[in-house]
Amino acid sequence: MSRWKALPAELDPRARHLVVSLRRLKDHSGLSMRQLAAKTGYGTSSWERYLGGRSLPPKKAVEAVAAVAGEDPTRLLALWEVASAVWTGQRTDPAPVTPADAAPGVAPGPPARRRPPRGAVVAGVVAFVLVVASAALLVARVSGGDEGRARPVAGSSAAPAGVEAPASVPSYTCHVERIGGQWFAGMSRTQDVILASGHAGAEVAEAQCLLRRAGLPPGDIDGIYGPRTERAVQRLQQRAGLVVDGIVGPHTWGALRG
């Protein structure tokens, strides 16, 4: 088991979660840093930066380490999406293996295309959309809107970057009922969509209704995956004996609907 150095104190907790998960996968694989470099096509110096919390690993590198460890990459990629939105001022271009980095006798991997940093852009768009949503909620309450109803940021569970607001924004009201041994709230019947901080839409509202039913209030049923919703999800995961990461995936949906 590797003895890891402490991560930078300024590293955002959501980015820290990704790095810690990658460290665990590397430890469980039993590979040295040079062996990991040889199997993934990213150099040892690159992995030292990624696992040291000094640089955001490329998405392809996250997929590669999951493949090497024999793990489903879905959860790791969800963590990467969240981390990439808050990891500003860091390199996001993948560093290809160089002869100095590669393991002896292993040919360097092909150079990867450079991608411009996008963390700051995504984070700015998320912040703007959340401000607009908060203003809409305030107007609705002042005008006597029903308690428990709110207006979503967008009509899907995808991150709000680049999503245009619909002409008629729906309100969310919980209609919780048990169907076929599972709980549903009337907004979505999904069992596996990934939800995380910054996401918005009907699937988020569905999760919020089911959290409230479970006695874990997520705040307003507004379809916005904010800090209160994330904390409620973490409490549910702790209660159900799941990985406490604040991300709704298939296992967490199972706990919400069970």
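This report concerns the structure included in the present document.

So, about the overall build of the chain. Each helix and strand in the chain was counted, giving nine helices and two strands. For the chain, the N- to C-terminal ordering of α and β elements is α-α-α-α-α-α-β-β-α-α-α. Sorting the 258 residues of the chain into buried and exposed places 44% on the buried side. Considering only residue pairs separated by 6 or more positions, the chain has 57% of its internal contacts joining residues 24 or more positions apart. Put simply, the chain shows about 13,200 Å² of open surface, and 56% of that area lies on carbon and sulfur atoms.

Moving on, we get to the pattern of salt bridges. A complete count under the given rule lists five salt bridges for this structure. A salt bridge links Asp12 to Arg14, with the shortest nitrogen-to-oxygen separation between them at 3.1 Å. For Lys60, the salt bridge goes to Glu63, with nearest N and O atoms at 3.7 Å. Placement of the pair is Lys60 and Glu63 together in helix α4 (residues 59–69), with a separation of three residues, close to one helical turn. Assessed through its relative accessible area of 28%, Glu63 is described here as partly exposed.

All told, the structure shown has one disulfide when counted by the stated rule. Between Cys174 and Cys209 runs a disulfide, and the two sulfur atoms are separated by 2.0 Å. Across the S-S bond linking Cys174 and Cys209, the dihedral sits near -85°, which makes this disulfide left-handed. Here Cys209 lies in helix α7 (residues 202–213) and Cys174 lies in the loop between α6 (119–142) and β1 (177–179), a separation of 35 residues in the sequence. For Cys174, a relative accessible area of 25% gives the class partly exposed. On the basis of relative accessible area, Cys209 is assigned to the buried category, the value being 1%.

This paragraph deals with the side chain of Ser84. If you trace the backbone, Ser84 turns up in helix α5 (residues 74–86). The exposure class assigned to Ser84 is buried, which follows from its relative accessible area of 3%.

Further remarks concern a positive patch on the surface. A surface patch of positive charge is lined by Arg178, Arg213, Arg228, Arg231, Arg235 and Arg239. For the positive patch, the element with the highest residue contribution is helix α8 (residues 227–240), accounting for four residues. Looking at the secondary structure, you find Arg178 in strand β1. On the accessibility criterion, Arg178 (43% relative accessible area) is partly exposed.

An ideal rise of 1.5 Å per residue puts 20 Å on 14 residues; α8 measures up with 20 Å between its terminal C-alpha atoms. Turning to α8, the residues buried within the fold contact α7 and α9 (250–257).

To continue, consider the nonpolar core. Leu18, Trp47, Leu76 and Trp87 are the most contacted members of the largest nonpolar core, which has 30 residues in total. Residue assignment for this core shows that the elements contributing at least two residues are α1 (13–29), α2 (33–40), α3 (44–51), α4 and α5. With seven residues, the top contributor of residues to this core is α5. Counting residues in each nonpolar core, the second largest holds 21 residues, with Ala185, Ile221, Leu236 and Val248 among its members.

Attention now moves to the packing of aromatic side chains. A full pass over the atoms with the stated rule returns two aromatic pairs. Seen in terms of ring centroids, Tyr42 and Trp47 are 6.5 Å apart; in terms of plane orientation they differ by 75°. Their pairing is edge-to-face. Here Tyr42 matches Trp47 in class, with each residue buried. Between Trp47 and Tyr50 the ring centres are 5.4 Å apart and the planes differ by 85°, which places this aromatic pair in the edge-to-face class. In this pair, Trp47 and Tyr50 are both assigned in helix α3, three residues apart and thus about one turn of the helix distant. This pair shows no difference in class: Trp47 is buried, exactly as Tyr50 is. Taken together, the ring pairs in this structure connect Tyr42, Trp47 and Tyr50 into an aromatic cluster. Stacked on the ring of Phe184, the Lys or Arg Arg189 has its end atom at 4.3 Å from the ring centre.

For α9, the complete set of buried residues consists of Thr252, Trp253, Leu256 and Arg257. One side of α9 carries all its buried residues, which in axial view fall inside an arc of 130°. Close packing links the buried residues of α9 with β1, β2 (182–184), α7 and α8.

Conventions used here
- Residues numbered from 1 in each chain as written.
- Predicted model: local features only at pLDDT ≥ 70, side-chain atom pairs only at ≥ 80, totals over all residues.
- Heavy atoms only, no water.
- Helix = DSSP H or I, 4+ residues; strand = E, 2+ residues; numbered from the N terminus.
- Buried < 20%, exposed > 50% of the residue type's maximum accessible area, 1.4 Å probe, protein only.
- Contact = heavy atoms within 4.5 Å.
- Areas by Shrake-Rupley, 256 points an atom, 1.4 Å probe, with all protein chains shown as cover.
- Salt bridge = Lys/Arg side-chain N within 4 Å of Asp/Glu carboxyl O.
- Disulfide = S-S within 2.5 Å.
- Patch = residues over 30% accessible without salt bridge, like charges linked within 9 Å, V, L, I, M, F, W, Y side chains within 5 Å.
- Lys, Arg positive; Asp, Glu negative; His and termini not counted.
- Charge placed at Lys NZ, Arg CZ, Asp CG, Glu CD.
- Expected span 1.5 Å × (residues − 1).
- Core = buried A, V, L, I, M, F, W, Y, C linked by side-chain atoms within 4.5 Å.
- Phe/Tyr/Trp six-rings, centres within 6.5 Å; stacked < 30°, edge-to-face > 60°.
- Lys NZ or Arg CZ within 6 Å of the ring centre and 35° of its normal.
- Arc of directions from axis to C-beta.

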